[in-house]
Amino acid sequence: MLELRDIFKTYDNQPLLRGISFSVSQGETVCLLGASGSGKSTLLRMIAGLENPERGRILFNGADLAQTPTHLRDFGLVFQDYGLFPHLNIFDNVAFGLKMRNLPTAEISLRVAALLEKVNLTGFETRKVTDLSGGEQQRVALARALAPRPRLLMFDEPLGALDRTLKESLLQEIRAILHETKIPVIYVTHDQDEAFAIADRILLLRDGEIVRVGTPAEVWSNPGSAWAAKFLDAGNVIEGKMQNEECGMQNVVTAFGEFPVNCSHKHAAGDKVSLLVKQSGEGQEIKFKVEEILFKRNQFEARGAGLVFQMDKAPALGQIIKVKVEVKCLA
Ligand code: ADP
Ligand code: MG
């Protein structure tokens, strides 16, 4: 198990990471999700031993890694730009780490064949890296990272350079391979869709801190803050003011009317709160005037008064529409 305890890092007097703590269990894929520049790659470099934290500890199975150099950590890394060796063929790329470890030739051949089968590239052994598509190159990179049987695998925006359709199919493939190998994984991305598709657990990074942790379903249904809800595009966020409490429900007054919410936070009457308003088949109703309509595949997106909802049928501009919503207090 990998464990990070209270990691701090500063660049140019600016705090980048401000007390990062989390752990990754055997067989678990943890996804670190954060905007560009939020320090994700820096954190991976520290785990890999390419950089030192200013404060905090990194442990593996209880042992502190501070004195363990990169090549003795047994961690694998997969980057966005594949990092394959262009002058070597596919077999030699995957075999690279095994040759470095002086494994017998027969075993290397067996392992490379098994890995190429795993990533669906059997028969590609003698091909050149430059003849492969981006998706194929990334599968070679995954096979190469898995070859030495690392104790931990790290992905740094591995699908960033690929188009959407390819991304989706490759994500499913990677997910299946990771669950089969049972290696603990840290997967870093700025793309919410990618994070939700691959993660067992999501860590949401903001301003150097982890602001929300949970399974994709948990984080999606309750982002925990207005910022997180907006970042994840988890629904509409509206502002309101707490009014009175009745039978355990709090009434919140908003520009769209009054909504009763079942809220576990401690609020006093008059407190400003943010509400997450999600489209749902049943529940309360919200009403707004359509100002803009966007065509989205087999749906229409109606926008107005700062709200966005998906409609099966195209509304008319200027039309007042009512949408059934689920309303949650964010904080
Ligand atoms: P992310 O991977 O989330 O996009 P990075 O970890 O690459 O973020 O970097 C975050 C910020 O940290 C960068 O925008 C940069 O300002 C700063 N940074 C990273 N590495 C260095 C460095 N070696 N020297 C100075 N600043 C750095
Ligand atoms: Mg990065």
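1. Side note on the site of ligand 1
Now for step 1: Residues in close proximity to ligand 1 include Y11, L16, A35, S36, G37, S38, G39, K40, S41, T42 and R45, which together make up its full environment.
Now for step 2: Within the contact set of ligand 1, an oxygen atom lies 2.8 Å away from a side-chain nitrogen or oxygen of S41.
Now for step 3: No other element matches the four residues that helix α1 (residues 40–48) contributes to the shell around ligand 1.

2. With respect to the packing of aromatic side chains
Now for step 1: As enumerated under the stated definition, the model contains seven aromatic pairs in all.
Now for step 2: On the numbers, 5.0 Å between centres and 10 degrees between planes, the contact of W227 with F231 is stacked. Of this pair, W227 and F231 both sit in helix α8 (residues 226–232), four residues apart, which is roughly one turn of that helix.
Now for step 3: Classification of F231 as buried rests on a relative accessible area of 19%.
Now for step 4: The ring of F124 is capped by R127, whose NZ or CZ atom sits 4.2 Å from the centre of that ring.
Now for step 5: Cation over ring: R144 sits above F85, and NZ or CZ is 4.9 Å from the ring centre.

3. Digging into the sheet that holds strand β14 (residues 272–289)
Now for step 1: Read from one edge to the other, the open sheet built from five strands follows the order β13-β12-β11-β14-β18, with strand pairing classed as antiparallel. The outermost strands of the open sheet, each flanked by one partner alone, are β13 (257–261) and β18 (320–329). Averaged over all neighbouring strand pairs, the angle between strand axes comes to 50 degrees, with direction disregarded.
Now for step 2: Across five bridges, the pairing between strand β11 (residues 236–246) and strand β12 (residues 249–254) is antiparallel. Across the sheet, residue E245 finds its bridge partner in β12, namely Q250.

4. As for the packing of helix α2 (residues 90–100) against helix α4 (residues 134–146)
A pair of packed helices is characterised by two quantities: the angle between their axes and the separation of those axes.
Now for step 1: Closest axis-to-axis distance for the α2/α4 pair is 7 Å, and the angle between their directions is 30 degrees. In terms of axis orientation, α2 runs roughly parallel to α4. Where α2 crosses over α4, the two elements pack in a sense that is right-handed. Here α2 contributes I90, N93 and V94 to the contact with α4, which in turn contributes V140, A143 and R144.

5. Overview of unusual backbone geometry
Now for step 1: You will see that D6, though not glycine, has its phi angle at about 55 degrees, which is positive.
Now for step 2: Structurally, the position occupied by D6 is in strand β1 (residues 2–11).

6. Quick notes on the nonpolar core
Now for step 1: Ranked by size, the top nonpolar core spans 48 residues in total, and within it V94, L142, L153, F155, I174 and Y187 carry the most contacts.
Now for step 2: In terms of residue count, the dominant contributor to this core is α4 (six residues).
Now for step 3: Those residues within four positions of F155 in sequence are excluded, and the remaining contacts are L44, V78, L142, I174, L178, V185, I186, Y187 and V188.
Now for step 4: If you look at the next biggest cluster of nonpolar residues, it comprises 25 residues, including L2, I20, L43 and A48.

7. Some details on the domain arrangement of the chain
You'll often see interface size given as the accessible area lost when the parts meet.
Now for step 1: One can read the domain layout of the chain as domain 1 (2–226) and domain 2 (235–329).
Now for step 2: Taking only C-alpha atoms, the centre of domain 1 and the centre of domain 2 are 38 Å apart.
Now for step 3: In this complex, domain 1 contributes four residues to the contact, which on the side of domain 2 involves five residues.
Now for step 4: Ranking the residues of domain 1 by area buried against domain 2 places W220, S221 and A226 at the top, with a combined share of 70%.
Now for step 5: Taken together, the connections running from domain 1 to domain 2 amount to zero salt bridges.
Now for step 6: Our enumeration of links across domain 1 and domain 2 arrives at two residue pairs in polar contact (both at pLDDT 80 or more).
Now for step 7: Residue composition of the side of domain 1 that touches domain 2, grouped by class: three nonpolar, one polar and no charged.

8. With respect to the side chain of R73
Now for step 1: Within the secondary structure layout, R73 lies in the loop between β5 (63–64) and β6 (75–79).
Now for step 2: D64 provides the closest opposite charge to the buried, unpaired R73, separated from it by 7.0 Å.
Now for step 3: One polar contact links the side chain of R73 to the main-chain carbonyl oxygen of L65, over a distance of 2.8 Å.
Now for step 4: Setting aside chain neighbours within four positions, we find R73 in contact with M46, I47, A48, G49, L65, A66, T68 and R151.

Conventions we followed
Residues numbered from 1 in each chain as written. Chains lettered and ligands numbered in written order. Predicted model: local features only at pLDDT ≥ 70, side-chain atom pairs only at ≥ 80, totals over all residues. Heavy atoms only, no water. Near = heavy atom within 4 Å. Polar contact = N/O pair within 3.5 Å; in protein donor to acceptor, adjacent residues only side chain to side chain. Helix = DSSP H or I, 4+ residues; strand = E, 2+ residues; numbered from the N terminus. Phe/Tyr/Trp six-rings, centres within 6.5 Å; stacked < 30°, edge-to-face > 60°. Buried < 20%, exposed > 50% of the residue type's maximum accessible area, 1.4 Å probe, protein only. Lys NZ or Arg CZ within 6 Å of the ring centre and 35° of its normal. Pairing = 2+ DSSP bridges. Axes fitted to C-alpha atoms, helices over the stretch in contact; angles between N-to-C directions. Parallel < 35°, antiparallel > 145°, perpendicular 65-115°, else oblique. Left-handed = near helix turned anticlockwise from the far one by under 90°. Contact = heavy atoms within 4.5 Å. Core = buried A, V, L, I, M, F, W, Y, C linked by side-chain atoms within 4.5 Å. Domains from an automatic or database assignment. Buried area = accessible area lost by both parts, 1.4 Å probe. Salt bridge = Lys/Arg side-chain N within 4 Å of Asp/Glu carboxyl O. Nonpolar A, V, L, I, M, F, W, Y, C, P; charged D, E, K, R; others polar. Lys, Arg positive; Asp, Glu negative; His and termini not counted.

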